Amino acid sequence: MPKDSYLVGLIGAGIGPSLSPALHQREADHQGLRYLYRLIDIDTLGVSPEAVGDLVRAARDLGFDGLNITHPCKQLVIPHLDALSPQAEALGAVNTVVFDGGRAVGHNTDVTGFAASFARGLPDVPLERVVQLGAGGAGAAVAHATLTLGAERVTVVDALPERAAALAASLSRSFGDGRAAAAGLDHLPGLLADADGIGGLINATPTGMAAHPGLPLSAELLHPRLWVAEVVYRPLETELLRTARALGCATLDGGGMAVFQAVDAFRLFAGREPDSARMLAAFAELAGAVKTPK
């Protein structure tokens, strides 16, 4: 049975600007729940990402009901969990942990979050050739979502070639040969030229975040007949999106993914159905009211 009081948190690095606490707590207020959402920032604590296991155990011992997990801990947390949902296991990445009878169970709501945001924000763009930057925890979820949405082929590019290759192999096992490939950064010019008019670019790296400003690729590689999607949402308009919009590209910011993954996480934490339209409106208000640090 759902209860009426919840304690949850977010583990990650540089998460001070996160809107997740306010987003969750506003929805809980509408539902008449007592809901505390705490930030557990490894930068503030002065610990390494590998400390995520100790932080999860401490949260469980302190009576937390669940945790969100973000960069750079989505893959590192897995060995410290008691069980994984089928989707989290297939992805090899966790962004939500639910404490259930003393057990820590990992889930992934990034997949459904990105899929819902993309379908809402870029409903009619071509998906023949998709180039994705980043093969980390968010990248795994976004690539799965993109292929689920019907992309013919996703090419994953990462600064760590072995990580891109591992994700592409996993995607091929799940979706079939030819649907995914890995490539080095030096192949980006050719890949984006091939996607001209028939695909787009997804940034699933932390580049563009308040703590990691800048462009994840050379601006010269962008052209107007590419669509560009972003997973970063603080700031909502990253340098990549600003540059792409100036060129005339169709774009998708990371706000929708942030909201829809929160919708699914709230459901897992509280066992109640959240109002996604209300959470989208709350996010728009919060994002407009809060200035992102330079």
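Read on for a plain summary of the structure. None of these values were measured; they are calculated from a predicted model. (Residues numbered from 1 in each chain as written. Predicted model: local features only at pLDDT ≥ 70, side-chain atom pairs only at ≥ 80, totals over all residues. Heavy atoms only, no water.)

## Concerning the nonpolar core
- Membership of the largest hydrophobic core comes to 31 residues, with the highest contact counts inside it found for Phe114, Phe118 and Trp227.
- For this core, the secondary structure elements donating two or more residues are α5 (110-121), α6 (137-148), β8 (154-157), α7 (161-175) and β11 (227-230).
- Looking at this core element by element, the count peaks at six residues for α6.
- Dropping the residues within four chain positions of it, Phe118 is found in contact with Pro123, Val125, Leu127, Leu149, Trp227, Ala229 and Leu252. (Core = buried A, V, L, I, M, F, W, Y, C linked by side-chain atoms within 4.5 Å. Buried < 20%, exposed > 50% of the residue type's maximum accessible area, 1.4 Å probe, protein only. Helix = DSSP H or I, 4+ residues; strand = E, 2+ residues; numbered from the N terminus. Contact = heavy atoms within 4.5 Å.)

## Quick word on the sheet that holds β11
- The sheet built from six strands is open, its strands ordered β9-β8-β7-β10-β11-β12 with parallel pairing. Across the chains shown, the open sheet's two edge strands, defined by having one partner strand only, are β9 (180-183) and β12 (251-252).
- Judged from the four bridges that link them, strand β7 (residues 129-133) and β8 form a sheet pairing that is parallel. The residue of β8 that forms the bridge with Gln132 is Val156.
- The strands touched by α7 within the sheet are β7, β8 and β9, with β9 carrying the most contacts at an inclination of about 175°.
- Of the strands in this sheet, β10 (199-203), β11 and β12 are in contact with helix α9 (residues 239-247), which crosses β11 at around 160°. (Pairing = 2+ DSSP bridges. Axes fitted to C-alpha atoms, helices over the stretch in contact; angles between N-to-C directions.)

## Focus on the pairing of β11
- Side chains of β11 alternate between two faces, with Trp227 and Ala229 and Val228 and Glu230 buried alike.
- In this structure, β10 lies alongside β11, joined through four bridges in parallel fashion. Across the sheet, residue Asn203 finds its bridge partner in β11, namely Glu230.
- One ladder, built from two bridges, connects β11 with β12; its direction is parallel. Of the residues in β12, the one forming a bridge with Ala229 is Leu252.
- In this fold, the crossover linking β11 to β12 by way of α9 has right-handed handedness. (Right-handed = clockwise from strand over helix to strand, strands pointing away.)

## Observations regarding the environment of Leu222
- For Leu222, the position within the fold is in the loop between β10 and β11.
- Along the primary structure Leu222 and Ala193 are separated by 29 residues, whereas in three dimensions their C-alpha atoms are 8.9 Å apart.
- The contacts of Leu222, once residues within four sequence positions are left out, are Leu201, Leu217, Val228, Leu240, Thr243, Ala244 and Leu247.

## Concerning the packing of α5 against helix α10 (residues 255-270)
- Packing of α5 against α10 brings their axes to within 7 Å, and their N-to-C directions diverge by 135°. The orientation of α5 relative to α10 falls into the category oblique. Crossing geometry of α5 relative to α10 is assigned as right-handed. Every residue of α10 that contacts α5 at Asp110, Thr112, Gly113, Phe114, Ala116, Ser117 and Arg120 is listed here: Gly256, Met257, Phe260, Gln261 and Asp264.
- Here the residues of the contact of α5 with α10 sort into four nonpolar, five polar and three charged. (Parallel < 35°, antiparallel > 145°, perpendicular 65-115°, else oblique. Left-handed = near helix turned anticlockwise from the far one by under 90°. Nonpolar A, V, L, I, M, F, W, Y, C, P; charged D, E, K, R; others polar.)

## Digging into the side chain of Glu27
- Here Glu27 shows up in helix α1 (residues 20-30).
- A distance of 2.7 Å separates the side chain of Glu27 from the side chain of Arg278, its partner in a polar contact.
- Other than its neighbours up to four places away in sequence, Glu27 contacts Phe266, Pro274, Asp275, Arg278 and Met279. (Polar contact = N/O pair within 3.5 Å; in protein donor to acceptor, adjacent residues only side chain to side chain.)

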